[in-house]
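# Observations on the three-dimensional arrangement
Chain residues, written in single-letter form:
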Amino acid sequence: MTTVAVVYHSDSGTTKLMAEGVHEGVASVAGVKAQLYVIERSEIIEGHFQNEALLDSLDAADAIIFGCPTFMGDVSGPMKAFLDATLQRWYAHAWSGKLAAGFTISGTPSGDKLNSLQSLITCSMQLGMIWVGLDQNPVNREGRNRLGFYLGAGGQPVYGSDEPRLQDGDRETGVAHGARVAQIAKQLGSGA
Ligand SMILES: Cc1cc2nc3c(=O)[nH]c(=O)nc-3n(C[C@H](O)[C@H](O)[C@H](O)COP(=O)(O)O)c2cc1C
């Protein structure tokens, strides 16, 4: 069965909401197994990501969708530590040929999200992965891809409540992106 994994870091919960949307989109495609993994700050020990079991699980996935907040204009520290921990996969070409895709959340509409997506792409390219972009045209200011990113899904929190909240259109963007990655992974897997 085609397997698509979503792996994300989130501190205050908005990237988690997006990750759940992406996961929902993956799971909506019949015949695709959707997996959701979280990168915890407690797994960064002396600056190094240390959860080999999570990396082992990703070895078995056909596609990996990376998600994190944008912090200071780039991927969050825990995501960077996780990406650094793929070094052994780079040596072994272990993830070569897998699909990759990404999403990021930041406080402002732009917020330098583009740079985070580019960082995810660069690492994916180093790993020999095949990047899947977002195939959604923005149709209005609230709907899918309202922020106008094509390298991946971008999102923005709704501030002002105690609970983390994500803009509705951004969650929908994540769902659509997850479904697209899953459909392509399935097509490639079956040779169709
Ligand atoms: C250390 C730090 C750096 C941030 N840098 C940016 C930034 O560069 N651009 C931006 O628009 N928002 C920035 N933000 C806002 C976060 O991206 C935003 O709150 C996001 O929703 C956090 O994701 P999370 O809820 O998944 O942790 C920053 C927040 C923190 C705590």
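This text follows the structure it describes.
Residue numbers here run from 1 along each chain, matching the order of that chain's written sequence. Side-chain atom pairs in this predicted model are given and counted only at pLDDT of 80 or more, local residue features only at pLDDT of at least 70, and totals for whole chains, interfaces and linings cover all residues. In computing side-chain values, all of the structure's heavy atoms are included and hydrogens and water are not.

A few words on unusual backbone geometry. The backbone of His93 shows a phi angle near 55 degrees, a positive value even though the residue is not glycine. Numbered from the N terminus, helices here are DSSP runs of H or I no shorter than four residues, and strands are runs of E no shorter than two. Take His93: it is sitting in the loop between α4 (87-92) and β7 (99-105). Unusually for a residue other than glycine, Asp112 sits at a positive phi of about 65 degrees. The residue Asp112 is located in the loop between β7 and α5 (113-126) in this model.

You can see Lys113 is positioned in helix α5. A 1.4 Å probe rolled over the protein chains alone gives each residue an accessible area, and that area as a share of the maximum for its type sets the label: buried under 20%, exposed over 50%, partly exposed in between. We treat Lys and Arg as the positive residues and Asp and Glu as the negative residues; His and chain ends play no part in the count. The working definition used for a salt bridge is a side-chain nitrogen of Lys or Arg within 4 Å of a carboxyl oxygen of Asp or Glu. No salt bridge forms around the buried Lys113; measuring N to O, its nearest opposite-charge neighbour Asp170 is 6.8 Å away. Pairs of N or O atoms are called polar contacts if they sit within 3.5 Å, as long as, within protein, a hydrogen donor faces a hydrogen acceptor (for residues adjacent in sequence, only side-chain-to-side-chain pairs). One polar contact links the side chain of Lys113 to the main-chain carbonyl oxygen of Thr108, over a distance of 2.9 Å. By definition in these notes, contact holds between two residues if any of their heavy atoms fall within 4.5 Å. Excluding residues within four positions of it along the chain, Lys113 makes contact with Thr70, Thr104, Ile105, Ser106, Thr108, Leu147, Phe149, Gly154 and Gly155.

By themselves these figures say nothing about function.
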